[in-house]
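Here is how the chains run, residue by residue.
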Amino acid sequence: MSHQPGGSLRSLRRSNQEQLLALLLAQGPLHRAELARQAGVSRTTVSTIVSELMARGLLAESEEERDGDLDGRAGNRLLVSPRAAVVAGMNHTFDGVWVHLSDLAAREVASEGAPLDPATPAAERIAAGASLLQRLLDTEELDRAQVIGVGVGVPGPIHRDTGVVGVSLPGQPWSHVHAAEEFERALGLPVTVENNTRLEGVAEARWGAGRGAANLLYFGLSSGIGSGLILDGRLYRGAVGAAGELGHVSVGVDGPPCPCGNRGCLVLYAGIPAVLGALRAVFDVGAGSGLSVGFGAGSGPSVGSGSGSGEGVEVEVEVSLEEMLARTAAGDPASEKVFADVGTVVGQVLANLCNLLNPERIVVGGELSRAGEVLLVPMREAIRGRALSLVREVDVVPAGLGLGARVGALGGAALVLSETPDLAAALNRMTGNGESGATV
């Protein structure tokens, strides 16, 4: 029985260490006196624990002083060392991969992307991501053991229990891949795999236009229309991980057939192929426009679109989209009408979601969001005209972090920061628990 007091002391020491780490992770730099007050322990205990954590490289002293500090005896403020540990985000898109490293205070450590051929199979994409991650770690002189976890984004729905990617676009390289298992094997690190549009929403909630909103709806208007729901500050996934397929909400039961098996899906009216088809008609764009999407008469696009992935149909539309956006920005009334129609039909769907979920903010991303207020004004008007009076004054704002694979990688890092069960404990385990000494 003599081992029990020592075990209890070690447990108490570890608990105190993690309590101080948690306070610093949550609040940023604090004085020793502030730590003692908030943790409810003596200054002697704080001094002992701080010395141990600094010796292990987990804490450092901040050189920045706050105005109005009350206790001049407390010395410099303490913070979690930026080099103690990192989290990683990795985002795979149709034509590339991006890796982002962040410290535990959500500050960027390194961020870089690499292009990939659209025909690249999933195994080679995983290897490319792993190689890019290792290169960033080497450049920053970080050990792989310092990575607490990796949040990985891929296109398509991911089953939350199995980690298997469901079918989205025809020929999508991730379909039926056991992504969670494959990434963990390749990276040798804890991995969370998530739909990359949802990760864009997590990034916007942490750093972008959704910052400060506990209940947020993010959606991307691209070839596919996916969304991410942040409810009470946490990403909502649904029972099997399929929440957020906004593009496949039916807006017309007798509408054109969608490859998903439904009819009249929103994506057939507001995805890039549909918008470009309508714009091509009003601008009378000919065969030399670089647009290679086929459209049936009055039936919407004849090809399907994404499943909440932000990924486009494999067609050459970028130049034509740029041209159409330029004409819209120049005030062309025909293009403004097309975008107004898109905003209206999307707003009608959003009004239903406002009635159901009551978000405080809606963030609009994706390539079509670049049309700006021409798109957003009719969207807001449709919400105000159709949602219940109690919820209709929701903020509808453009995304703040821009476009591209980097945003999803930011979201992957943010997801690890927010969903690691006990970040302070994970950090404390990385360099041992410092059992020397007796003060607890």
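Just so we're clear, the structure is a prediction, and the values are computed from it rather than from any experiment.

Criteria and thresholds
Residues numbered from 1 in each chain as written. Predicted model: local features only at pLDDT ≥ 70, side-chain atom pairs only at ≥ 80, totals over all residues. Heavy atoms only, no water. Helix = DSSP H or I, 4+ residues; strand = E, 2+ residues; numbered from the N terminus. Buried < 20%, exposed > 50% of the residue type's maximum accessible area, 1.4 Å probe, protein only. Contact = heavy atoms within 4.5 Å. Areas by Shrake-Rupley, 256 points an atom, 1.4 Å probe, with all protein chains shown as cover. Core = buried A, V, L, I, M, F, W, Y, C linked by side-chain atoms within 4.5 Å. Right-handed = clockwise from strand over helix to strand, strands pointing away. Polar contact = N/O pair within 3.5 Å; in protein donor to acceptor, adjacent residues only side chain to side chain. Pairing = 2+ DSSP bridges.

### A closer look at the overall build of the protein chain
On a plain count of helices and strands, the protein chain comes out with 13 helices and 14 strands. In the protein chain, which comprises 440 residues, the proportion classed as buried is 51%. In the protein chain, the proportion of contacts linking residues at least 24 apart, taken out of those at least 6 apart, comes to 67%. For the protein chain, the exposed surface amounts to about 19000 Å²; the carbon and sulfur share of it is 51%.

### Focus: the nonpolar core
When a protein is soluble and globular, its nonpolar side chains tend to lie buried together. Counting residues in hydrophobic clusters, the biggest one holds 41 residues, and the most contacted among them are Phe219, Leu221, Val346, Leu350, Ile362 and Met379. Every element with two or more residues in this core is listed here: β8 (216–221), β9 (225–231), α7 (267–270), α8 (272–283), α9 (318–329), α10 (333–357), β13 (361–365) and α11 (373–386). At 10 residues, α10 tops the list of elements feeding residues into this core. For Phe219, the residues in contact, after removing those within four places along its chain, are Ile225, Gly226, Ser227, Leu246, Val346, Leu350, Ile362, Val363, Val364, Gly365 and Met379. Counting 32 residues, the second-largest nonpolar core is a separate cluster that includes Leu116, Leu136, Val191 and Val193.

### Details of the pairing of β13
Counting buried positions along β13 gives five out of five residues, so the element sits mostly inside the fold. The side-chain alternation of β13 yields two buried faces, one formed by Arg361, Val363 and Gly365 and the other by Ile362 and Val364. Handedness of the β13-α11-strand β14 (residues 395–398) crossover: right-handed.

### Some thoughts on the environment of Arg327
Relative to the assigned elements, Arg327 resides in helix α9. A relative accessible area of 31% means that Arg327 is categorised as partly exposed. Sequence separation between Arg327 and Ala371 is 44 residues, and the spatial gap between their C-alpha atoms is 10.0 Å. Side-chain polar atoms of Arg327 contact the side chain of Glu323, separated by 2.9 Å.

### A word on the pairing of β9
Each regular strand shows side chains that alternate between the opposite faces of the sheet. Taking burial as the measure, the seven residues of β9 include six buried ones, the bulk of the element. As consecutive antiparallel partners, β8 and β9 are separated by three residues. Linking two consecutive strands that pair antiparallel, namely β9 and strand β10 (residues 234–236), is a turn of two residues; a positive phi of about 50° is found at Asp232 within it.

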